[in-house]
Amino acid sequence: MSLALESVQISLGSTPLFSPLSLTVEPGTIATVMGPSGCGKSTLLAAICGTLDPGFSFAGTIVLNGRKLNDIAVEQRRVGILFQDDLLFPHLDVFGNMAFALPAGLSGAQKRERVIKSLESADLEGFQKRDIATLSGGQKARVSLLRALLAEPEAILLDEPFSKLDEELRSSVRTFVFGQIRRMQIPALLVTHETADSPDGTYIKLT
Amino acid sequence: MSPSRSNWLKIFPYLTLAAFLLPILVGLVFTGAPAFGLLSAAGPSGFSLDPLRLLLFHPSLPGALRATILSGVTAASLSLALALWIAATMHGTKLWRLIEFSLAPLLSLPHAAFAIGFVFLIAPSGWLLRAVSPVPSGFAYPPDWITAGDPWAVSLTLTMVLKETPFMLLMVFSGLSRIDVKRTVWVGRSLGYHRLRIWTRLIIPQLYPMLRLPLFAVIAYSLSVVDLAYIIGPSLPPTLSVLIDRWFNEPDTSYRMIGAAGAVLLFFITLLCIVTALLVEYLVKKAAAGRMLNGQRRSPFEPLAATGSLYAMLILLINVLCLLVLIIWSLSNIWRFPDFLPSHYALGNWAKSWERMVEPLSVSVAAALASCLISSILVIGCFENERTLAQTRQISISQRSLWIIFMPLLIPQISFLFGIQVLLVILHLDGTWFALIWIHLVFVLPYVFLTLANAYRTYDQRFSHVGITLSSSPRKTFTRVKLPILMKPVLFSLAVGFSVSIAQYLPTLYVGNGRFATITTETVSLAAGSDRRIIAVYALSQFILPLIGYVSAITVPYVMHRNRQLMRN
């Protein structure tokens, strides 16, 4: 289960945002992409996710698990995404947010069991009925990741998910997110401004 | 978004335009043609200017024009001026928040019901005079005064000002939500400018472009209103719209050609007034440009600033009094002049009216629900299509497309309703539910569109992106994420549409062909001279329906999301 970008380049009009990018992210690993504001980091994630703004033109190939994603609809790509905002649905409680990600056809009991198990893995036992407004920043970040993982994505994209957290929280959430991704054995692509966010200190710089 | 869904969405703008623009255009043609001797019901004929000539020499025309233009232009100008003055002097105060809170109930009081309440207040035997009679006024009997229906249309103008100022205030609230007023005032004050100067030089220039189309809608409405004019307008001669309505309904079909000529004249008067408003805007802008940077910090109107809250309270008070007097009349058994309150109360008026009200109430609710539901589907479909187009072609909503949405509100109803009636007769569709719901849709749809647009377009699309990546289902994401998040604005737009439909008078009469009686048509016809107690029952019923809509729009999301803090705002 790997994510491969082959000669990917995104342009605005005739101006390329960055040089052609090729990389392969293996299961359970987190590749870090860095670069200054406006260099196209989030745009790259949008292209992988399938939500690239039409003002941009895309060249290259994105392959996930042997499937070429270029012409596949967003909903069929099986790529999860985490933003710097948690984007938890405000009208649903924690259970509702997480159950939304579960596949259709599960019974109520099965859904409850899966959600509770997932919450337990993040030390969030008993949080099912909590309104998301009552969660702390770290709890929201964790629920947001758990929700993304419950959908069983084949890859996950991290769009500066730690940038709004304070230093202490940032470290613990980072450890949690990376741990979960390794446990799930899926490839992840992280874009960030902070070198410290990179799990092993290495990163690809968009130029 | 899958390509198949995008293709399917493309149909919505066409359906929407067909639903509300086509009838107007066809209606204009079929109304206007008889004015030139064409398509006449009186028999085959050729092009002729006789109908126009007959109209211009009609003895009632000068008086009707005077009442129409005077009341229409004054009401629209005063409503705009008052709304801006109230905003400039009260924004940010506790009273401003009270006004914001009161706007929904104020707007849910239909024009006809309000006008009836206002007549019950200002009539020679009305509540205001009762409050000072027999002492100190000295009146033991109602005096022989003309308070409602005066020939200069002062009472009609006042009624429209009292109803249109809250509407303009709603538009002001909506416009201000897109301007950073707090920081603008803060910066202006730090530069030494008085609050009123900040408003006239910094805020109103940003705000007015957003009020332009609503103002034009108020101009068109004020010039062409029929139900209000029947209740509180002058009668000898009446306003032009009432005169046209009477001509269209004359048994002698030759009058219809004069009516058509009148409808064309009213259309051009409205157009002229809108063009004049644009010209005035241009001149004011030009005159203000020179003064904008003259460094003058103080405003000569500062001593009058307190009048803003006075006007606001007065409008609020009159609305409350209108409602109260309607309630009292509906419950009164014996209420003789000059008694301030009835000597005997009874529920009999409600019991007596209920049996006759069931059908009009049912027709009103059914037409309103159907037209609101169809409008919402069309409007949401248009917004979804717009979003898809924006994803593929970078389109943005322009001022021009807003003009199209406002079209049914910018053209006098009477200038195209007769034509629609003619067309429906030709198609054997007059007096059908289909026609009734369609004509209500024409007026409901713009309001649903305008009240939903801002919330729908500012929805954070990333929620849907996340939803789709999680559920692999755009439909599930739409129904379980997007619509619930937007529940409050969607329900509010439905409530607005519902109240607009309930208040439709002329469209129901013309298209219903006498087969449909709604609570509004019944209330207006009773207002011509029935028992005040029964009129009050009907007017209150006309008010209660939209009120239920607004209350539901507020309470349903509140109850459903009572444990969701982020959904409360």
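To be clear, the structure that these remarks concern was listed above.
Small disclaimer: the values here were computed from a predicted structure and weren't measured.

S.K.: Where do I start with unusual backbone geometry in this structure?
M.R.: Residues other than glycine predominantly adopt negative phi, and peptide bonds predominantly adopt the trans conformation. Between Val135(B) and the following residue, Pro136(B), the backbone shows a cis peptide bond with an omega angle of 5 degrees. With respect to the helices and strands, the residue Pro136(B) is situated in the loop between helix H8 (127-131) and helix H9 (154-176). At the junction of Leu236(B) and Pro237(B), the peptide bond is cis and its omega measures out at -5 degrees in the coordinates. Position of Pro237(B) relative to the elements: it lies in the loop between helix H12 (227-232) and helix H13 (240-248). Phi is positive for Glu160(A), close to 45 degrees, though the residue is something other than glycine. Examined against the element boundaries, Glu160(A) turns out to sit in the loop between strand E8 (155-159) and helix H6 (167-184). The partly exposed category is assigned to Glu160(A), around which 19 C-beta atoms lie within 10 Å. Despite not being glycine, Gln185(A) has its phi angle at roughly 55 degrees, a positive value. Here Gln185(A) is to be found in the loop between H6 and strand E9 (188-192).

S.K.: Can you help me understand the sheet that holds strand E4 (residues 30-34) of chain A in this one?
M.R.: Paired through their backbone hydrogen bonds, the strands of a sheet run either parallel or antiparallel. Strand order in the open sheet formed by five strands is E7-E8-E9-E4-E10 (chain A), with parallel pairing between adjacent strands. Either end of the sheet is taken by a strand with one partner, and the two such strands are strand E7 (79-82) and strand E10 (204-205) of chain A.

S.K.: Is there a simple way to explain the interface of chain A and chain B in this structure?
M.R.: A common measure of how large an interface is: the accessible area buried when the components associate. At the junction of the two partners, chain A supplies 24 residues and chain B supplies 26 residues. Of all the elements in the fold, those that place two or more residues in the side of chain A that touches chain B are helix H2 (74-77), E7 and helix H5 (137-150) of chain A. Of the residues that constitute the side of chain A that touches chain B, the class distribution is 16 nonpolar, five polar and three charged.

S.K.: Sorry, what's going on with the pairing of E4(A) here?
M.R.: Remember that side chains alternate between the two faces of the sheet whenever the strand is regular. All names here are of chain A. Most of E4 sits inside the fold, with four of its five residues counted as buried. Where E4 and E9 come together, five bridges link them in parallel fashion. Bridge assignment links Met34 to a residue of E9, and that residue is Thr192. Pairing of E4 with E10, which is carried by two bridges, proceeds in the parallel orientation. Residue Val33 lies in a different strand from E10, and its bridge partner there is Ile204.

S.K.: Any chance you could explain the packing of helix H19 (residues 433-457) of chain B against helix H22 (residues 487-502) of chain B here in plain terms?
M.R.: Any two packed helices are characterised by how steeply their axes cross, that is the angle between the axes, and by the distance between the axes. Residue and element names in this part refer to chain B. It is at 8 Å that the axes of H19 and H22 come closest, and there the two elements cross at 155 degrees. As summarised for this structure, H19 and H22 are arranged roughly antiparallel, according to the angle between their axes. H22 is crossed by H19, and the crossing has right-handed handedness. Of the residues in H22, those in contact with His440, Phe443, Val444, Tyr447, Val448, Thr451, Leu452, Ala455 and Tyr456 of H19 are Pro489, Val490, Phe492, Ser493, Val496, Gly497, Val500 and Ser501. For the contact of H19 with H22, a count of residues per class yields 12 nonpolar, five polar and no charged.

S.K.: Looking at this structure, how should I read the nonpolar core?
M.R.: One broad trend across soluble globular proteins is that nonpolar side chains are buried collectively. Of all hydrophobic cores here, the largest spans 157 residues; its most connected members are Ile116(B), Val119(B), Ile231(B) and Leu326(B). Among the elements that line this core, the one with the most residues is H19(B), at 17 residues. Formed by 57 residues, the second largest nonpolar core is a distinct cluster that contains Leu82(A), Leu88(A), Ile132(A) and Ile485(B).

S.K.: Help me understand the environment of Val559(B) in this model?
M.R.: Among the structural elements, Val559(B) can be located in helix H25 (residues 532-560). For the pair Val559(B) and Ile198(B), spaced 361 residues apart in sequence, the C-alpha to C-alpha distance is 41 Å.

Cut-offs used in this document
- The residue numbering used here restarts from 1 in each chain and proceeds along that chain's sequence as written.
- Numbering of ligands from 1 and lettering of chains from A proceed in the order in which they are written.
- Selection of residues for local features in this predicted model requires a pLDDT of at least 70, selection of side-chain atom pairs for listing and counting requires 80 or more, and totals for whole chains, interfaces and linings are taken over all residues.
- Per the convention used, a helix needs a DSSP run of H or I reaching at least four residues, while a strand needs a run of E reaching at least two, with both numbered from the N terminus.
- Partly exposed residues are those whose C-beta has more than 12 but fewer than 20 other C-beta atoms within 10 Å; with 20 or more the residue is buried, with 12 or fewer it is exposed, and the C-beta atoms are placed from the backbone.
- Between any two strands, pairing holds if DSSP finds at least two bridges.
- Note that contacts rest on C-beta atoms placed from the backbone: two residues are in contact if these are within 7 Å.
- Residue classes follow a fixed rule: Ala, Val, Leu, Ile, Met, Phe, Trp, Tyr, Cys and Pro count as nonpolar, while Asp, Glu, Lys and Arg count as charged, and any other residue, Gly among them, counts as polar.
- Interaxial angle, 0 to 180 degrees, is taken between N-to-C directions of lines fitted to C-alpha atoms, where a helix line uses only the stretch in contact.
- For this classification, under 35 degrees means roughly parallel, over 145 means roughly antiparallel, 65 to 115 means roughly perpendicular, and everything else is oblique.
- Take the far helix as the reference: if the near one is turned anticlockwise from it by less than a right angle, the crossing is left-handed, and if turned clockwise, right-handed.
- Note on terminology: a nonpolar core is any set of buried Ala, Val, Leu, Ile, Met, Phe, Trp, Tyr and Cys residues joined through C-beta atoms within 7 Å.

Any functional reading would require information that these geometric values do not contain.
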